[in-house]
Amino acid sequence: MSELLSVSGLSKRFGGLNAVSDLSFSIESGSIVGLIGPNGAGKTTVFNLVCGQQQPTAGEVRFEGRVVNALPPFERVRLGMARTFQSTVLYTDSTVLENVLRGLAARSGPAVWSGVPGLGRWRAYRDDLHRRAFDLLDFVDLRDVHDITARNLPYGHQRSLGVAIALATSPKLLMLDEPVAGMNPAETAQMAQLIRRINQQGTTILVVEHDMSFVMQLCGHIIAVSNGRKLAEGTPDQVQRDPQVIAAYLGDEDVAA
Amino acid sequence: MRARSSRYALAIVIVAAVVGAWLVPSFVHGNFWLHIFDMMLINAVLALGLNIILKTGQVSLAHAGFMAIGAYASAQLTLKLALPFLAAFLLSGILAAAVALLLGRVILRLKGVYFILFTFALNEFIFLVSKDAVALTGGNTGLVGIKAPTLPFVAGSLQTKAQFYYLALAVFLLALAFLAALYRSPFGRAMDAVRESEQLAEATGYDPMRVKLIAFVIGSFLAGLGGSLSAHFLRYIAPFNFTFWESVNFLLMNIIGGSFSLAGPIIGALILTPLPEFLRDYLLWQQFLYGLILMLFMRFLPDGVTSAIGMSVRAVVDWVRTPRRKGAPVAAETQP
Ligand SMILES: Nc1ncnc2c1ncn2[C@@H]1O[C@H](COP(=O)(O)OP(=O)(O)O)[C@@H](O)[C@H]1O
Ligand SMILES: [Mg+2]
């Protein structure tokens, strides 16, 4: 196994607050890694730094051995880094199909004129795009609702659509920010299934989650953070038994679960 | 089957509209109405130019400013440098586009109301320059004696309003065809993505800045062309042609017609162009009326007239297609 993502000495200050402090970790290609920690621990900030939505105060982000600090988010996506957002972000006024098409078209976008009817390979391009979109919708089980406006989808479907849009960019690394927050147990189990299937296709996963039992079942490797610092790292068992982790989660009923 | 027949219907409507538009000067003879039809086409080109900027989610109030750049450039290039109309016309579009390219890199970083405010100030700035840079613009007096357009292989110049109409129609149709192709291309999808969620677009591989910049440059190019057309049509331009209210006018055309389709700005131009002619005696009321219209549309028809037309057409089509044979089992429809 090789190293897909590695961050070293990553830090982010917001005014006087150290949201992330001197954080280092790396992710093996093909793994499912969990990033856990109490609310405000800095998990979302780590995502923002890794994906380029925010600039680190210090530290380095490497993807496939290449330093990507200077790249804007859309260029990191083109390298194969994709993410979802903690609060579902969709093209809410567009159909489910159009949402996925936009994720697909961004990366494989040919020249402008190939979209002109009668010129270039318009029909072939469009048919190929639609075929891949429906394949993806099948994969996340949203084909039946493909013509529904995203804002009218039930919550669970909206979360799946968020994942589908990210998947549409053909990522090597998929980063999911609290994918099962607010879901009922049935929806949670479905999402876990989906994440496993994505991983089986060769996509590396980094997942932030609050639901401890969810993370413990899903992830082979876990990184625990608190106050922007790494507390512990290892297998679910190791992390669960770590005294510092237990202290950080003291009173958090999820640990007992 | 349904998609195909509706495509034929659309093709027929488009051909009929183009033929109808082409025949206008054969049926409309009064100068008053010909003047209005010419202005409708010029305004439609300008409103289309604003439409592509709106499509990326940027509400520009500087559109009349870019129109001014095109108008003054075209007038002076033909008056002072004696360039042929067609060269001046194209150069005026390119100049407006170049200014948009330079400014866009900076101002497109502004979002929402900040962008609106800045473009408002930009329009005022261009307006002031047009008043004060007397050597270039003729100041408050404006520029008179601008020549009627000439075309290669066409003898004489397009002196009459009927002759000018065909030029304006050709420019309008070219602009429309170009935008229609662009909106259907992958770039059209990119513009929709950036408008709907810049955050998501950026996180899925689109470069929002580049998308917005290209749209702003194309939109300003069309504004420059529209400015050139109006200069050579009216043969006289002055600062009052390019006030902030003109920018509002182009925005209103998009809002009233509906900014989410290309039909919107065209319908908006058709509706709003004749209005001032009929409101001439009530100039004071005009701005008040525009404000009222704007508010009513925002409240009751936020997606404009085209959305209402689209909805009623769809309702009629659905009604026509709904089988109403009594007792006919619905399931029979699905059998092969
Ligand atoms: N843009 C920001 N400006 C200021 N403070 C922020 C910003 N984003 C996050 N923070 C703060 O940084 C800390 C970590 O936040 P976050 O990364 O969202 O935590 P988590 O995702 O682990 O719940 C919190 O204290 C939060 O208030
Ligand atoms: Mg968070």
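The rules we used
- Residues numbered from 1 in each chain as written.
- Chains lettered and ligands numbered in written order.
- Predicted model: local features only at pLDDT ≥ 70, side-chain atom pairs only at ≥ 80, totals over all residues.
- Heavy atoms only, no water.
- Helix = DSSP H or I, 4+ residues; strand = E, 2+ residues; numbered from the N terminus.
- Rg over C-alpha atoms; globule rule 2.2 N^0.38 Å.
- Contact = heavy atoms within 4.5 Å.
- Areas by Shrake-Rupley, 256 points an atom, 1.4 Å probe, with all protein chains shown as cover.
- Lys, Arg positive; Asp, Glu negative; His and termini not counted.
- Charge placed at Lys NZ, Arg CZ, Asp CG, Glu CD.
- Pairing = 2+ DSSP bridges.
- Axes fitted to C-alpha atoms, helices over the stretch in contact; angles between N-to-C directions.
- Salt bridge = Lys/Arg side-chain N within 4 Å of Asp/Glu carboxyl O.
- Buried < 20%, exposed > 50% of the residue type's maximum accessible area, 1.4 Å probe, protein only.
- Near = heavy atom within 4 Å.
- Polar contact = N/O pair within 3.5 Å; in protein donor to acceptor, adjacent residues only side chain to side chain.
- Nonpolar A, V, L, I, M, F, W, Y, C, P; charged D, E, K, R; others polar.
- Parallel < 35°, antiparallel > 145°, perpendicular 65-115°, else oblique.
- Left-handed = near helix turned anticlockwise from the far one by under 90°.
- Core = buried A, V, L, I, M, F, W, Y, C linked by side-chain atoms within 4.5 Å.
- Donors = N, O, S within 2.8 Å, 3.2 Å for Na, K, Ca; no water.
- pLDDT = per-residue confidence, 0-100.
- Buried area = accessible area lost by both parts, 1.4 Å probe.
- Expected span 1.5 Å × (residues − 1).
- Patch = residues over 30% accessible without salt bridge, like charges linked within 9 Å, V, L, I, M, F, W, Y side chains within 5 Å.

K.L.:
Just to check I follow, could you spell out the overall build of chain A for this structure?
P.N.:
A tally of helices and strands in chain A yields 10 helices and 10 strands. For 257 residues, the compact-globule estimate of 2.2 N^0.38 gives 18 Å, and the C-alpha radius of gyration of chain A, at 19 Å, lies within 12% of that figure. Dimensions along the principal axes, computed over C-alpha positions, put chain A at roughly 65 × 40 × 35 Å. Restricting to contacts in chain A with at least 6 residues of sequence separation, those with at least 24 account for 66%. Accessible surface for chain A amounts to roughly 11,100 Å². Of this, 49% is attributable to carbon and sulfur atoms. For chain A, the centre of its 24 positive side-chain charges and the centre of its 26 negative side-chain charges are spaced 8 Å apart.

K.L.:
Looking at this model, I keep getting lost on the sheet that holds strand S8 (residues 204-208) of chain A. Mind explaining?
P.N.:
Residue and element names in this part refer to chain A. With mixed pairing, the six strands of this open sheet are ordered in space as S6-S7-S8-S3-S9-S10. Each having just a single partner strand, strand S6 (81-83) and strand S10 (229-234) make up the two edges of the open sheet. Adjacent strand axes in the sheet meet at a mean angle of 15 degrees, parallel and antiparallel pairs treated alike. In this structure, strand S9 (residues 221-226) lies alongside S10, joined through five bridges in antiparallel fashion. Its bridge partner lying in S10, Ile-222 is registered against Gly-234. Helix H5 (residues 155-167) contacts S6 and strand S7 (173-177) of the sheet and is inclined by roughly 155 degrees relative to S7. Running at roughly 150 degrees to S8, helix H6 (residues 185-200) makes contact with strand S3 (32-36), S7 and S8 of the sheet.

K.L.:
Help me understand the pattern of salt bridges, please; the structure alone is not making it clear to me.
P.N.:
For side chains bearing opposite charge, pairing can occur when the charged atoms are close. All chains considered together, the criterion is met by 16 salt bridges over all chains. One salt bridge connects Arg-102 of chain A with Glu-196 of chain B, and the closest N-O pair in it is separated by 3.1 Å. With Arg-102 of chain A in helix H3 (residues 96-108) and Glu-196 of chain B in helix H8 (residues 186-196), the pair connects residues from two separate chains. Looking at Glu-196 of chain B, the relative accessible area reads 22%, which means it is partly exposed. Between Glu-233 of chain A and Lys-230 of chain A there is a salt bridge, and its shortest N-O distance comes to 2.6 Å. You can call Glu-233 of chain A partly exposed: its relative accessible area is 31%.

K.L.:
It is not clear to me how the site of ligand 1 should be interpreted in this structure. Could you clarify?
P.N.:
Residue and element names in this part refer to chain A. Phe-14, Leu-17, Ala-19, Asn-39, Gly-40, Ala-41, Gly-42, Lys-43, Thr-44, Thr-45 and Gln-54 make up every residue found near ligand 1. For ligand 1, an oxygen atom lies 3.5 Å from a polar atom in the side chain of Asn-39. Thr-44 is positioned such that a nitrogen or oxygen atom in its side chain is 2.7 Å from an oxygen atom of ligand 1. Contributions of two or more residues to the shell around ligand 1 are made by strand S2 (17-28) and helix H1 (43-51). In terms of residue count, H1 provides more of the shell around ligand 1 than any other element does, three residues in total. Looking at the shell around ligand 1 residue by residue, the class counts come to four nonpolar, six polar and one charged.

K.L.:
How should I be thinking about the packing of helix H2 (residues 31-55) of chain B against helix H10 (residues 208-234) of chain B in this particular structure?
P.N.:
Helix packing geometry: the angle between the two helix axes and the distance between the axes. Residues and elements named next belong to chain B. Orientation of H2 relative to H10, taken along the N-to-C sense of each, is 165 degrees, at an axis distance of 6 Å. Taken together, the axes of H2 and H10 are roughly antiparallel relative to one another. Seen along the crossing, H2 lies across H10 with a hand that is left-handed. Residue composition of the contact of H2 with H10, grouped by class: 15 nonpolar, seven polar and one charged.

K.L.:
Would you mind showing me how to read the nonpolar core here?
P.N.:
Inside soluble globular proteins, nonpolar side chains tend to come together where they are buried. With 146 residues, the main nonpolar core has Val-100, Leu-161 and Leu-174 of chain A together with Ile-52, Phe-66 and Ile-237 of chain B as its most contacted residues. The element that contributes the greatest number of residues to this core is H2 of chain B, accounting for 13 residues. Once you skip the residues sitting within four places of it in the chain, Phe-66 of chain B turns out to touch Ala-96, Val-99, Ala-100, Leu-103, Leu-122, Ile-126, Phe-216, Ser-220, Ala-223 and Gly-224 of chain B. Counting 27 residues, the second largest nonpolar core, distinct from the first, contains Leu-5, Val-33, Val-50 and Leu-173 of chain A.

K.L.:
Explain the coordination of the magnesium ion (ligand 2) to me, please; I cannot follow it from the model alone.
P.N.:
Each donor-metal-donor angle would ideally measure 109.5 degrees in four-coordinate tetrahedral geometry, or 90 or 180 degrees in six-coordinate octahedral geometry. Residues and elements named next belong to chain A. The protein atoms donating to the magnesium ion (ligand 2) are Thr-44 (OG1) and Gln-86 (OE1), with metal-donor distances spanning 2.0 to 2.1 Å. Taken as a pair, Thr-44 in helix H1 and Gln-86 in the loop between S6 and H3 lie far apart in primary sequence, 42 residues in all. Relative accessible area serves as the criterion here: at 34%, Gln-86 is assigned to the partly exposed category.

K.L.:
What should I look at first to understand the confidence of the model for chain B in this one?
P.N.:
Residue and element names in this part refer to chain B. On average, residues of chain B score 86 in pLDDT, and 89% of them reach the 70 mark or higher. Across residues 325-336, confidence stays below pLDDT 50; counting only partners more than four residues off in sequence or on other chains, it has two contacts. Interface confidence for the predicted complex, expressed as ipTM, amounts to 0.91; the pTM equals 0.88.

K.L.:
What should I look at first to understand the interface of chain A and chain B in this one?
P.N.:
Where interface size is quoted, it is often the accessible area lost as the parts come together. Chain A puts 30 residues into the contact, and the matching count from chain B is 22 residues. Buried surface at the junction of chain A and chain B, summed over both partners, amounts to about 2,200 Å²; 62% is from carbon and sulfur atoms. Among the salt bridges present, the one from Arg-189 of chain B reaches Glu-98 of chain A, with a minimum N-O distance of 3.0 Å. Along the contact surface separating chain A from chain B lie eight residue pairs in polar contact (both at pLDDT 80 or more). Mapped by element, the contributors of at least two residues to the side of chain A that touches chain B are helix H2 (73-79), H3 and helix H4 (122-139) of chain A. With six residues, the single largest contributor to the side of chain A that touches chain B is H3 of chain A. Along the lines of polarity and charge, the residues of the side of chain A that touches chain B split into 19 nonpolar, six polar and five charged.

K.L.:
Teacher, can you tell me more about H10 of chain B here?
P.N.:
For an α-helix, 3.6 residues make a turn, and residues three or four places apart therefore share a direction. Residue and element names in this part refer to chain B. Spanning 27 residues, H10 covers 38 Å between terminal C-alpha atoms, matching the ideal 39 Å at 1.5 Å per step. Summarising burial for H10: 22 of the 27 residues are buried, a large majority. The first or second residue beyond H10 is Arg-235, which carries a positive phi of 65 degrees.

K.L.:
Sorry if this is basic, but what is going on with the environment of Leu-179 of chain B here?
P.N.:
Residue and element names in this part refer to chain B. Mapped onto the elements of the fold, Leu-179 is located in helix H7 (residues 161-184). Separated by 48 residues in the primary sequence, Leu-179 and Gly-227 place their C-alpha atoms 18 Å from one another. Aside from chain neighbours lying at most four places away, what touches Leu-179 is Leu-48, Ile-52, Ile-218, Leu-222 and Leu-262.

K.L.:
What's the story with the side chain of Ser-11 of chain A in this structure? I'm lost.
P.N.:
All names here are of chain A. Relative to the assigned elements, Ser-11 resides in strand S1 (residues 3-14). Relative accessible area serves as the criterion here: at 17%, Ser-11 is assigned to the buried category. Dropping the residues within four chain positions of it, Ser-11 is found in contact with Val-20, Ser-21, Asp-22, Leu-49, Pro-56, Thr-57 and Ala-58.

K.L.:
Even after reading the chapter, I still don't get a nonpolar patch on the surface, so can you show me in this structure?
P.N.:
Judged by side-chain polarity, Tyr-282, Leu-284, Trp-285, Phe-288, Leu-292, Met-295, Leu-296 and Phe-300 of chain B come together as a nonpolar surface patch covering roughly 980 Å² of accessible area. When you line up the elements, Leu-284 of chain B lands in helix H14 (residues 283-300).

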